[in-house]
Amino acid sequence: MKDKLSRRDILHASAGAAAMASGFAAEAAQSAPDVNKNSAPSKLRITDMRAVTIAANYDYPIIRIDTNQGVYGYGEVRDAGVKGIALILKAHLVGENPLNMERLLRKIRLFAGQGRMGGGYSAVDMALHDIAGKVYGVPAWRLLGSKQRDKIRIYCDTTGHEDPKIYAERMKKRQQMGFTFFKMDLYTRLVKNRPGAVNHRGVATEKGLGYLCEYIEAVRDAIGWDVPLAADHFGPLNLNDSIRYARAFEPYDLAWAEDILQVGHLGPGGDAPRNWRAYQEIKQATTTPLAIGEGLFGLEEGFKDFLDNHAVDIIHPDPETSGALIETKRIADYADLQGIPTAVHFAGSPVGCMASVHMAATIRNFVAMENHAVDMPWWSDLVTGLPKPIIQNGYIQVPDTPGLGVELNEEVVKEHLRYPGYFEPTPEFNEVIVSGFRRVGPWPHYDENGNWCNCVTY
Ligand SMILES: [Mg+2]
C-alpha cells in the first residue's frame, strides 16, 4: 500500500494520536525522548511481512512486519519452528492497522495450533507490540499493564554428564555465573549402562531410580538444598512410571518435575499434553510439584482445563508457542486466580526473549524464565539497544525503551543465516493460502428482483 499522506495530514494525525495516547504521554516523554513523531496511528497500515532464519542452537525464525509509515516490528516464531507458519498469515494482515492488536489476533487465531504451530500467531503478537510501542513511545510491557518487577529472574539449561560429580560441578558453575534458579535434565539414559537400571521400555527400574536420584543429590550438595532446582526430560514415562519417578524425587524438594508424562495420553504428545486427567492422577499421588506447558497454545485451547481442574502445580508456557504477550498474560492471570504460579520456558533469540521479558514483567505470579543460550558467545550480539551481556548475574533488566527495545544487529545475523538473503520479499505469501472460510466472487445468487445471477457456465 502506498503512503499518500501529505505532510499536513501526518502532522494533523500525529497531534490526534498524541491526544489519544495522553495516558502514555508523560511516560513517553520521560522514557522515550526519541518517540517516533512521524507516526499517524489512525492511518498506519501493515504493508508487508518478511522473515529471516538464524541458525543457532535451534533455528530462530524472525519475522518483520512493515508499515506504510516506516515503523516496523520484530517477532519470533518458536525455536526450531519454521518461518512459513508466520508468513501464511501475511495476506490476512496486510492493509490492516497494526494497532488493532486484539482484533487482528482474533482474526488469525484460527491458524494457531499446539507446539511449533503456535509460533506464527505468537510472532505476529510480538511484532504488533513492537510496532505499537514504537508508535506510542512506550515499552511493550506498558501496553499490557503495569510493571511488577524491574528485572526478570533467569534459569538456564546445563549440559548433563554420566558422572554425577561432573554434572554437579557444571551446575555449580552456573551458580558462580550468578544464577539463582536451576534446572537439570535427568535423562533416564544417563543410567542405561548400569546393570538392571533400565527396563525394556527405556524406563528406570527401582534400582535405576536410585541411580537417577544420585544425580539430584550430587547437584543439591553442590548448589545447596535451599535453592530452587527443577528437573526435565526423564524419558518415555507413562502414567504409572510418572508416579514412581515423582515419588522418588520427593526427598529432593524439586521446584518442579517438567512434562513428566510422555506416553499414553491424548493430544500432540510429549511437551504438548492435553490429558489433564492423567496429570491430576499423578499430582494426587505425589508431593513433587508438576509443571507443564511449553508446548501449549492459548488459554482455552491449551491451559484452561489444567488450571480449572488443578491438574498441575505450576504452568510453564513458552511465549513463542503460547501466544506471546497478550495471550500469555491472559494465561498467567487465569493461573493466578487459581493460585498457580507461572514459570516461562524459552529457547530462542534475544528478540523473542525480550518480548517474553516484557510479558513476564507484568504478571503477578511469575517464578523464573528459561534461557537456552548462556554458552553461546554471540547470542547477545544478535541485537542492539540493550545492556550487554543481556543476562547479568542471572537476571535480565526490563527495558523502558519503546516497543520490544531491540534492533537486529544485521552484521551478526548475516553471519548466522540458515538460508541466503536478509528479509527478502515474500510475494508467494501475498495471496491467502490457508483460510477457514473465504468467499470469493462472483458467486451465483438471486438478486433483489429474484433473478438468478452470476451462474457460472462452461
Ligand atoms: Mg522442557
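Treat the numbers as computed from the prediction; the structure is a model and nothing was measured.

Engineer: Would you mind going over the overall build of the chain with me for this structure?
Structural biologist: Regarding its fold elements, the chain presents 16 helices and 16 strands. Across the chain, the fraction of contacts at a sequence separation of at least 24, relative to all contacts at a separation of at least 6, is 71%.

Engineer: What is the right way to look at the environment of Glu 428 in this model?
Structural biologist: Turning to its location among the elements, Glu 428 is positioned in the loop between helix H16 (410-414) and strand E15 (445-446). Residues Glu 428 and Ala 91, spaced 337 residues apart in sequence, show a C-alpha to C-alpha distance of 10.0 Å.

Engineer: Please explain helix H9 (residues 206-223) as it appears in this structure.
Structural biologist: Because each turn of an α-helix spans 3.6 residues, side chains separated by three or four positions end up pointing in the same direction. With 18 residues, H9 extends 26 Å from end C-alpha to end C-alpha; this agrees with the ideal 26 Å at 1.5 Å per step. Within H9, burial applies to Gly 208, Leu 212, Tyr 215, Ile 216, Val 219, Arg 220 and Ile 223. Along the long axis of H9, the arc covered by the buried residues comes to 135°, so they all point the same way. Those residues of H9 hidden inside the fold are in contact with helix H8 (164-176), strand E5 (182-185), strand E6 (229-232) and helix H10 (239-249).

Engineer: I'm lost on the environment of Asp 48 in this one. Help?
Structural biologist: Tracing the backbone shows Asp 48 in strand E1 (residues 46-55). Residue classification places Asp 48 among the buried residues on the basis of 20 C-beta atoms within 10 Å. Among all residues touching Asp 48, those that are not within four sequence positions of it are Asp 66 and Val 94.

Engineer: I would appreciate a short explanation of unusual backbone geometry in the present structure.
Structural biologist: Geometrically, the link from Lys 388 to Pro 389 is a cis peptide bond, its omega value of -10° lying close to zero. In this fold, Pro 389 is placed in the loop between strand E12 (383-384) and strand E13 (395-397). Even without being a glycine, Asp 253 presents a positive backbone phi close to 50°. Its place among the elements puts Asp 253 in the loop between H10 and strand E7 (257-258). Classification of Asp 253 as partly exposed rests on a count of 15 C-beta atoms within 10 Å. Phi at Asn 393 takes a positive value of approximately 50°, unusual for a residue other than glycine. Following the sequence through the fold, Asn 393 ends up in the loop between E12 and E13.

Engineer: Is there a simple way to explain the environment of Leu 44 in this structure?
Structural biologist: Tracing the backbone shows Leu 44 in the loop between helix H2 (22-31) and E1. Sequence-distant contacts of Leu 44, defined by excluding residues within four places in its chain, comprise Ser 39, Thr 67, Asn 68, Gln 69, Asn 97, Pro 98, Leu 99 and Val 135.

Engineer: Honestly, the confidence of the model for the chain in this entry has me stumped. Any pointers?
Structural biologist: Residues shown with low pLDDT carry predicted positions that ought not to be read at fine detail. Per-residue confidence for the chain gives a mean pLDDT of 91, with 90% of residues at or over 70. A low-confidence stretch, residues 1-31 stays under pLDDT 50, and its non-local contacts, those more than four residues away or across chains, total 37 contacts.

Engineer: Looking at this structure, I do not really get the pairing of E5. What am I missing?
Structural biologist: Working note: regular strand, side chains alternate between the two faces of the sheet. Sheet topology places E5 next to E6; 4 bridges connect them, and they run parallel. Each bridged residue has a counterpart across the sheet, and for Met 184 the counterpart in E6 is Ala 231. The parallel pair E5 and E6 is bridged by H9, and the resulting crossover is right-handed.

Engineer: Quick question: what am I supposed to make of the sheet that holds E1 here?
Structural biologist: Strand pairs in the sheet, formed through backbone hydrogen bonds, run parallel or antiparallel to each other. Pairing is antiparallel in the open sheet, where 3 strands are placed in the order E1-E2-E3. The open sheet terminates on both sides in strands that have one partner only, identified here as E1 and strand E3 (72-76). Averaged over all neighbouring strand pairs, the angle between strand axes comes to 20°, with direction disregarded. As paired strands, strand E2 (residues 59-67) and E3 are joined by 5 bridges and run antiparallel to one another. Each bridged residue has a counterpart across the sheet, and for Arg 64 the counterpart in E3 is Tyr 74. Contacting E2 and E3, helix H6 (residues 119-136) crosses the sheet at an angle of about 150° to E3.

Engineer: In this structure, what is going on with the pairing of E2? I would like to understand it.
Structural biologist: Taken across its 9 residues, E2 has 7 buried, putting it largely inside the fold. Where E1 and E2 come together, 9 bridges link them in antiparallel fashion. By the bridge assignment for E2, Met 49 is matched with Ile 65. The hairpin turn running from E1 into E2, its antiparallel successor, is 3 residues long. Taking the residues that link successive antiparallel strands as the turn, the E2-E3 hairpin has 4 residues, and the phi of Gly 70 there is positive, at about 85°.

Engineer: Mind showing me how you'd approach the packing of H8 against H9 here?
Structural biologist: Any two packed helices are characterised by how steeply their axes cross, that is the angle between the axes, and by the distance between the axes. It is at 8 Å that the axes of H8 and H9 come closest, and there the two elements cross at 35°. In the packing of H8 onto H9, the handedness of the crossing is right-handed. Across from Pro 164, Lys 165, Tyr 167, Ala 168, Glu 169, Met 171, Lys 172 and Gln 175 in H8, the residues of H9 making contact are Glu 214, Tyr 215, Ala 218, Val 219, Asp 221, Ala 222 and Ile 223. Its residues placed into classes, the contact of H8 with H9 shows 9 nonpolar, 1 polar and 5 charged.

Reading guide: rules and limits
Residues numbered from 1 in each chain as written. Predicted model: local features only at pLDDT ≥ 70, side-chain atom pairs only at ≥ 80, totals over all residues. Helix = DSSP H or I, 4+ residues; strand = E, 2+ residues; numbered from the N terminus. Contact = placed C-beta atoms within 7 Å. Expected span 1.5 Å × (residues − 1). Buried ≥ 20, exposed ≤ 12 C-beta atoms within 10 Å, placed from the backbone. Arc of directions from axis to C-beta. pLDDT = per-residue confidence, 0-100. Pairing = 2+ DSSP bridges. Right-handed = clockwise from strand over helix to strand, strands pointing away. Axes fitted to C-alpha atoms, helices over the stretch in contact; angles between N-to-C directions. Left-handed = near helix turned anticlockwise from the far one by under 90°. Nonpolar A, V, L, I, M, F, W, Y, C, P; charged D, E, K, R; others polar.

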